[in-house]
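Summary of structural features
Next come the chains, spelled out residue by residue.
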Amino acid sequence: MRYIKDIPNPRYKIGLYQWNSKYIIKIESGMYEQTYKIDDYEVASTDELEVCMDDAFTQAIADRFDAMHADFNGTLVRHNVLF
């Protein structure tokens, strides 16, 4: 996987990579991460992907991270890993 660049964001670490003819957008928040893949022929340049990191998308990312945390925490509590 080849690192291309970081996409600036005040809340998340967003990295852009290329691998197997795909761009991979990796968004990290603490112990969770989300990845999105798009074929590299679908975009003219990486700038198009950076523009896609708008407020609506980053809010959806935040909601998904919250859901991921609730899911993971829930299973840890159900199985007595956390009390």
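Preceding this section is the structure that the text describes.
The written sequence of each chain sets the order in which its residues are numbered from 1. Reporting in this predicted model follows two pLDDT cut-offs: at least 70 for local features of residues, and 80 or more for side-chain atom pairs to be given and counted; totals over whole chains, interfaces and linings ignore these cut-offs and use all residues. The side-chain figures draw on all heavy atoms in the structure; neither hydrogens nor water molecules are used.

**With respect to the overall build of the protein chain**
Each helix is a run of H or I in the DSSP string that is no shorter than four residues. Each strand is a run of E no shorter than two, and both are numbered from the N terminus. The helix and strand inventory of the protein chain stands at 2 helices and 4 strands. Listed by position from the N terminus, the elements making up the protein chain come as β-β-β-β-α-α. In terms of overall size, the protein chain is more extended than a compact globule, its C-alpha atoms giving a radius of gyration of 15 Å where 83 residues would be expected to give roughly 12 Å. Its C-alpha atoms put the protein chain at 50 × 30 × 20 Å along the principal axes. The classification of residues rests on relative accessible area computed with a 1.4 Å probe and restricted to protein chains. Under 20% of the type maximum is buried, over 50% is exposed, and intermediate values are partly exposed. For the protein chain, buried positions account for 28% of its 83 residues. If you take every contact in the protein chain between residues at least 6 apart in sequence, the share linking residues at least 24 apart comes to 35%. Here the protein chain contributes 9 positively and 14 negatively charged side chains, and the mean placements of these two sets differ by 6 Å. In this description the radius of gyration comes from C-alpha coordinates, and the expected globular size is given by 2.2 Å times residues to the power 0.38. In what follows, a contact means two residues having at least one pair of non-hydrogen atoms within 4.5 Å. By the counting scheme adopted, Arg and Lys are positive, Glu and Asp are negative, and His together with the chain ends is not counted. A charged residue contributes its charge at one atom only: NZ of Lys, CZ of Arg, CG of Asp or CD of Glu.

**Re the packing of aromatic side chains**
For this analysis, a ring pair means two rings from Phe, Tyr or Trp (six-membered ring only for Trp) whose centres lie within 6.5 Å, classed as stacked if their planes differ by under 30 degrees, edge-to-face if by over 60, and tilted for the remaining angles. In total, this model carries 4 aromatic pairs according to the counting rule given. Look at Tyr32 and Phe72: their rings are 6.4 Å apart centre to centre, the planes differ by 85°, and that puts the pair in the edge-to-face class. Of the two residues, Tyr32 sits in strand β4 (residues 32-39) while Phe72 sits in helix α2 (residues 55-78), which places them 40 residues apart along the sequence. The class of Tyr32 is buried, set by a relative accessible area of 14%.

**Description of the sheet that holds β4**
Whether two strands pair comes down to DSSP finding at least two bridges between them. Strand order in the open sheet made by the 4 strands is β1-β2-β3-β4, with antiparallel pairing throughout. A strand with exactly one partner marks an edge of an open sheet, and here the two such strands are β1 (2-7) and β4. With direction set aside, neighbouring strand axes in the sheet form an average angle of 20°. Sheet topology places strand β2 (residues 13-19) next to strand β3 (residues 22-29); 7 bridges connect them, and they run antiparallel. In the strand pairing of β3, Leu16 is matched with Ile25. Only C-alpha atoms enter the line fits that serve as axes; for helices the fit covers just the stretch in contact. Angles between N-to-C directions range over 0 to 180 degrees.

**Brief notes about the nonpolar core**
Note on terminology: a nonpolar core comprises buried Ala, Val, Leu, Ile, Met, Phe, Trp, Tyr and Cys residues joined through side-chain atoms within 4.5 Å. Counting residues in hydrophobic clusters, the biggest one holds 14 residues, and the most contacted among them are Tyr12, Ile14, Leu16, Ile25, Ile27, Leu49 and Phe65. Only β2, β3 and α2 provide two or more residues apiece to this core. In this structure, Leu16 is in contact with Arg2, Tyr3, Ile4, Lys5, Ile7, Tyr23, Ile24, Ile25, Thr46 and Leu49, ignoring residues within four places of it in sequence.

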